[in-house]
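Tertiary structure, described
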Amino acid sequence: MFPEYDVIVVGAGHAGCEAAAAAANLGSKTLLVTMNMQTIAQMSCNPAMGGIAKGQIVREIDAMGGYSGIVTDLSTIQFRMLNRSKGPAMWSPRAQNDRMLFSIKWREMLEQTPNLDFYQDMVKSLLIKDGKCQGVVTGLGHEIKSKAVVLTNGTFLNGIVHIGEKNFGGGRMAEKAATGITEQLVSLGFESDRLKTGTPPRIDGRSLDYSKMEEQPGDEEVVGFSYLDIEKPKSQRSCWITYTSQKVHDVLKTGFSRSPMFAGRIDGVGPRYCPSIEDKINRFAERDRHQLFVEPEGWNTVEIYVNGFSTSLPEEVQYEALRNIVGFENVKMFRPGYAIEYDFFPPTQLKYTLETKLIENLFFAGQINGTTGYEEAACQGLMAGINAHQKTGNLEPVILKRSEAYIGVLIDDLISKGTDEPYRMFTSRAEFRTLLRQDNADLRLTELSYRLGLASQERMDKVIAKRNGVGEIISILKDFSVLPEEINGYFASINSSPITEKQKAQKILLRPDVELDELADALPKLKEALNDFSKDTVEQASIQVKYDVYIEKEKELVKKMSQLEELEIPETFDYKKIASLGNEAREKLSRIKPRTLGQASRISGINPSDVQILMVFMGR
């Protein structure tokens, strides 16, 4: 009934979809197995993509030839570039999406992908022989052979849904949990643990009074995520802001005695940076209100997502608390919020390729590795899909460095440090964030992906045009002379000091209060010279000129750090023989088996003296 596949991907969430698309587009015969064909790429929680640091990840996925950016642009109902008031290293795109359209567009793109088959069934175990994964066994008893398997089980492994004192098995509300895989992997020597996440109630937008809330419209210009020319929405839907109050908190507290979190019925640790409303009240007792974002779920639905009100309290407590929020006095609830607890595998058990150390040809991606968020899952799926293809074809692994991509930071963090709480990406996690901006992901990653055969010729042509264009614009700015009488009027309008002799446009652009588009408006000849270039090329040139000193400093730092990254540690290296290493260092180094001295230096508990001892023992 089934042919033998190169790659089988288990689970069709954000990680599974990107993994299947990457492997298939690279030429692997790929099977995507999901428990429900109707929930492919479902946005289980917030109907939004991107945000701080997450937006950079989506742009990196797109630059590599993944699908998340395209699908996001095709289903956007509101777009905002966050942190515009800060430097470009902090700019982060975010889109509110049509939940149903997002899933539909993902499925359409996957169905149009050559080499990709689908099958609806639960995977209950893996085919393992001589330490190698050779396929899967489904709930219906089918054995499907493959050269590699990518597990992207999300919150489904032994998932338990909690609402107040009620709990039942499930990977999402109204969807059954997946069983069998955890038990098999633990029997093979894997370590597993539990995490939890949660979601807010969904409500009827017709029952809200928006006149009492603060409107939050989208940006006038929809920049979007994909570097391809995807049509942007002509109109946008607003989100709204309201707040909880002391009265809301008092109502919520009446349910604390029946809360699964406070009663100890949930073992898993929840996401620190996306806590439930009851957790917020408990942890930040001094605050008498918390901000809520009232977010529409699509173009043609009245369903509303209450961002900031994640909860697993009893339904009647949720409902009563909602009614006390300003603008929610007559609220109708579509479904209550809930918590979900699930198995994950500490990611220190993985190689940089996301292949497991214990079983060859078995890859993990997404929440199974302890991450939270669609974007974090999707980028792991992309890399696992690429590396599963590379492994089956006896090709070189693809590993992104911390200095090359947020994706590299995320994977290095996971396998070097592990996580005991759901991992979320932030700009502060990236030490080279001036280099890893959302505007230059294509310049950083597309060429690498193009050489692999994943990024298209169209993408590569765009990168070449952009790179050449940026070079030309910088040359124009270096050569363009500006006289005092031409520019001092503009300087006066922005309260910037005048000049007394002519200066090059490049030097003027270095002033913190001067932007290139405004400078061009003040200088008609410069504007004319820049007319032939696209807006993002002009913006890229402007950023490179303004932040050149910082960019060069960071590149120097990367060069220094790369010396440690190049010092590889043999896989057979015996740390237990080094008596001068402390017990903690020996134990962690033996367990994680870092690939390089750079990775060893980032393991929590390893200090600089440990690294120096290693260098001595390696003859450096």
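Residues numbered from 1 in each chain as written. Predicted model: local features only at pLDDT ≥ 70, side-chain atom pairs only at ≥ 80, totals over all residues. Heavy atoms only, no water.

**Considering the overall build of the protein**
For the protein, the count of helices and strands is 21 helices and 22 strands. In terms of overall dimensions, the protein is globule-like: its C-alpha atoms have a radius of gyration of 26 Å, near the 25 Å expected for 620 residues. When the backbone C-alpha atoms are referred to their principal axes, the protein occupies close to 80 × 70 × 55 Å. In the protein, which comprises 620 residues, the proportion classed as buried is 57%. Counted over contacts in the protein with a minimum sequence separation of 6, partners at least 24 positions apart contribute 73%. About 26,000 Å² of surface is accessible on the protein, with carbon and sulfur atoms providing 49% of the total. Put simply, the protein has 76 plus and 84 minus side-chain charges, and the middle of one group is 2 Å from the middle of the other. (Helix = DSSP H or I, 4+ residues; strand = E, 2+ residues; numbered from the N terminus. Rg over C-alpha atoms; globule rule 2.2 N^0.38 Å. Buried < 20%, exposed > 50% of the residue type's maximum accessible area, 1.4 Å probe, protein only. Contact = heavy atoms within 4.5 Å. Areas by Shrake-Rupley, 256 points an atom, 1.4 Å probe, with all protein chains shown as cover. Lys, Arg positive; Asp, Glu negative; His and termini not counted. Charge placed at Lys NZ, Arg CZ, Asp CG, Glu CD.)

**So, helix α21 (residues 608–617)**
Residues of α21 that are buried include every one of D610, V611, I613 and L614, and no others. With its buried residues spanning 160 degrees around the axis, α21 presents them on a single face. Away from the buried face of α21 by more than 90 degrees, exposed residues P608, Q612 and V616 are located. Summarising the contacts, the buried residues of α21 are in contact with α18 (548–565), α19 (583–592) and α20 (597–602). (Arc of directions from axis to C-beta.)

**Re the sheet that holds strand β18 (residues 333–335)**
An order of β14-β15-β16-β17-β13-β18 is seen for the 6 strands of this open sheet, with the pairing classed as antiparallel. Each edge of the open sheet carries a strand with a single partner, namely β14 (214–216) and β18. Neighbour-to-neighbour, the strand axes of the sheet open up by a mean angle of 35 degrees, direction not taken into account. (Pairing = 2+ DSSP bridges. Axes fitted to C-alpha atoms, helices over the stretch in contact; angles between N-to-C directions.)

**A short note on the packing of aromatic side chains**
In the structure shown here, the tally under the stated rule is 10 aromatic pairs. Aromatic pair F79 and F225: ring centres 6.0 Å apart, planes at 80 degrees, arrangement edge-to-face. Of the two residues, F79 is situated in strand β4 (residues 76–82) and F225 in the loop between β14 and β15 (239–243); the sequence distance between them amounts to 146 residues. For the pair F79 and F225, one class covers both residues: buried. (Phe/Tyr/Trp six-rings, centres within 6.5 Å; stacked < 30°, edge-to-face > 60°.)

**Examining α18**
Helix length check: α18 (18 residues) gives 25 Å between terminal C-alpha atoms against 26 Å at 1.5 Å per residue, within 8%. Among all positions of α18, only I551, E554 and V558 are buried. Along the axis of α18, the buried residues cluster in a sector spanning 65 degrees; they form a single face. Across α18 from its buried face, at more than 90 degrees, point the exposed residues V549, K553, K559, K560 and Q563. In the core, the buried residues of α18 are packed alongside α17 (535–546). (Expected span 1.5 Å × (residues − 1).)

**Remarks on the nonpolar core**
Of all hydrophobic cores here, the largest spans 104 residues; its most connected members are L151, L362 and M383. Looking at which element gives the most residues to this core, the answer is helix α9 (residues 374–392), with 9 residues. Aside from chain neighbours lying at most four places away, what touches L151 is V10, L126, I181, L185, L362, F363, F364, A365 and I368. By size, the runner-up hydrophobic cluster in this structure holds 24 residues, among which are I474, L477, A505 and L526. (Core = buried A, V, L, I, M, F, W, Y, C linked by side-chain atoms within 4.5 Å.)

**Observations regarding the pattern of salt bridges**
For the structure shown, the criterion picks out 44 salt bridges. Of the charged contacts, one joins R206 and D204 as a salt bridge, the two residues approaching to 2.8 Å between their closest N and O atoms. Classification of R206 by relative accessible area gives exposed; the value is 64%. You can call D204 buried: its relative accessible area is 4%. Put simply, E587 and R591 hold a salt bridge, and the shortest N to O gap is 3.1 Å. Pair noted here: E587 and R591 are both in helix α19, with a separation of 4 residues, about one helical turn. Judged by its relative accessible area of 41%, E587 falls in the partly exposed class. Within the structure, one salt-bridge network assembled from shared partners comprises R402, D412, D413, K417, E431, E565 and R602. (Salt bridge = Lys/Arg side-chain N within 4 Å of Asp/Glu carboxyl O.)

**Comments concerning the side chain of Q216**
The residue Q216 is located in strand β14 in this model. Under the relative-accessibility criterion, Q216 is labelled buried at 13%. Residues within four places of Q216 in sequence aside, it is in contact with Q78, R80, S238, C239, W240, I241 and F293.

**Examining empty space enclosed by the protein**
Space left empty within the atom packing is revealed by a probe, the size of a water molecule, rolled over the atoms. Applying the stated criterion across every chain yields a total of 1 cavity of 30 Å³ or more. Lining the largest cavity are Y352, M383, N387, V398, I399, L400, G408 and I411. Among the residues making up the lining of the largest cavity, the classes are represented as 6 nonpolar, 2 polar and no charged. (1 Å grid on protein atoms, 1.4 Å probe; cavity = no way out; pocket = protein on both sides within 12 Å on 5 of 7 lines; lining within 4 Å. Points joined across faces, edges and corners; volume = space filled by probe spheres on them. Nonpolar A, V, L, I, M, F, W, Y, C, P; charged D, E, K, R; others polar.)

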